[in-house]
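# Structure at a glance
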Amino acid sequence: MGTIAVHEFIALDGVYEDPSWTFEYGFDPKMGETLGAITGASTAILLGRTTYEMFAPAWSTRTVEDDPGAPFFNDTDKYVVASTEPAVEWGPSTRLSYSRDAILGLKEGTDGIVYVSGSGTLVRALLRDGLVDDLHLFVYPVARGTGAHLFEDAGAPTRLTLKEHEVYDNGVVHLNYGPA
């Protein structure tokens, strides 16, 4: 049975929306090593429709020479949670309607890690339904003040256990949480 590993870039106040604000901090090479270890162990990608439609044009034309992560994103089977077909096509992909049972079926049918990036609405549902095995938060030393937050204001408490952590030279902290 597979596991679900979520990766999010997030501000101190929980804002994850439009992570272009992370660029001013640079990308520490050790962050790349951490993300490479996560994606290297992954055998499937699960994305929400909006993230899928944003990632497709950004990744589909990249080669390994452009970015070492390109083969993973382009060649790995992608599962897109959407009520309608995505507006773009990108590599091997399958549309899923969200339900706890559908995601459990994906986990059961996957040998390895199902990687999730961005996809805030999907991630909130996965957390609510207790389906996230590893929540990799890359916390940036800034409070954004406005923007979509990863955790819902009116939601039930989400209890997690810290599995590992790492501090990077650019001030970003990687926190890997699992279910409590």
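Below is a short write-up of the structure. (Residues numbered from 1 in each chain as written. Predicted model: local features only at pLDDT ≥ 70, side-chain atom pairs only at ≥ 80, totals over all residues. Heavy atoms only, no water.)

### Here we look at the packing of aromatic side chains
Each aromatic ring pair is described using two quantities: the centre-to-centre distance and the angle formed by the ring planes. Under the definition given, this model contains 11 aromatic pairs. Relative to Phe138, the ring of Phe9 lies with its centre 5.8 Å away and its plane at 80 degrees, an arrangement referred to as edge-to-face. Here the residue Phe9 occupies a position in strand β1 (residues 3-11), and Phe138 occupies one in strand β6 (residues 134-140), the gap between them amounting to 129 residues. Each member of the pair Phe9 and Phe138 is classed as buried. Here Trp21 and Tyr140 contribute two aromatic rings whose centre-to-centre distance is 5.5 Å and whose plane-to-plane angle is 85 degrees, an arrangement assigned as edge-to-face. One end of the pair, Trp21, is in the loop between β1 and α1 (29-40); the other, Tyr140, is in strand β6, and 119 residues separate them in sequence. The burial state of Trp21 is the same as that of Tyr140; both residues are buried. By way of ring pairs, the aromatic residues Phe9, Trp21, Tyr25, Phe138, Tyr140 and Tyr168 are connected into one cluster. Over the ring of Trp59 we find Arg62, and its NZ or CZ is 4.3 Å from the ring centre. (Phe/Tyr/Trp six-rings, centres within 6.5 Å; stacked < 30°, edge-to-face > 60°. Helix = DSSP H or I, 4+ residues; strand = E, 2+ residues; numbered from the N terminus. Buried < 20%, exposed > 50% of the residue type's maximum accessible area, 1.4 Å probe, protein only. Lys NZ or Arg CZ within 6 Å of the ring centre and 35° of its normal.)

### As for the sheet that holds strand β7 (residues 160-167)
The strand order across the open sheet formed by eight strands is β4-β3-β2-β5-β1-β6-β8-β7, and the pairing between neighbours is mixed. At either margin of the open sheet sits one strand with a lone partner, and together these are β4 (93-96) and β7. Between one strand and the next, the sheet's axes are offset by a mean angle of 25 degrees, whatever the strand orientation. Across the sheet, helix α4 (residues 100-108) lies against β1, β2 (42-48), β3 (78-81), β4 and β5 (113-117), angled at about 115 degrees from β1, the strand it touches most. In the packing of helix α5 (residues 120-128) onto the sheet, contacts are made with β1, β2, β3, β5 and β6, and the angle to β2 comes to roughly 110 degrees. (Pairing = 2+ DSSP bridges. Axes fitted to C-alpha atoms, helices over the stretch in contact; angles between N-to-C directions. Contact = heavy atoms within 4.5 Å.)

### Quick look at the pattern of salt bridges
Under the counting rule described, the total for this entry stands at six salt bridges. Residues Arg49 and Glu53 are paired through a salt bridge, measuring 2.8 Å at the closest nitrogen-oxygen approach. Residue Arg49 and its partner Glu53 are located together in helix α2 (residues 49-59), separated by four residues, close to a single helical turn. When its relative accessible area of 21% is taken as the criterion, Glu53 is described as partly exposed. The shortest N-O distance in the salt bridge between Lys107 and Asp133 comes to 2.9 Å. (Salt bridge = Lys/Arg side-chain N within 4 Å of Asp/Glu carboxyl O.)

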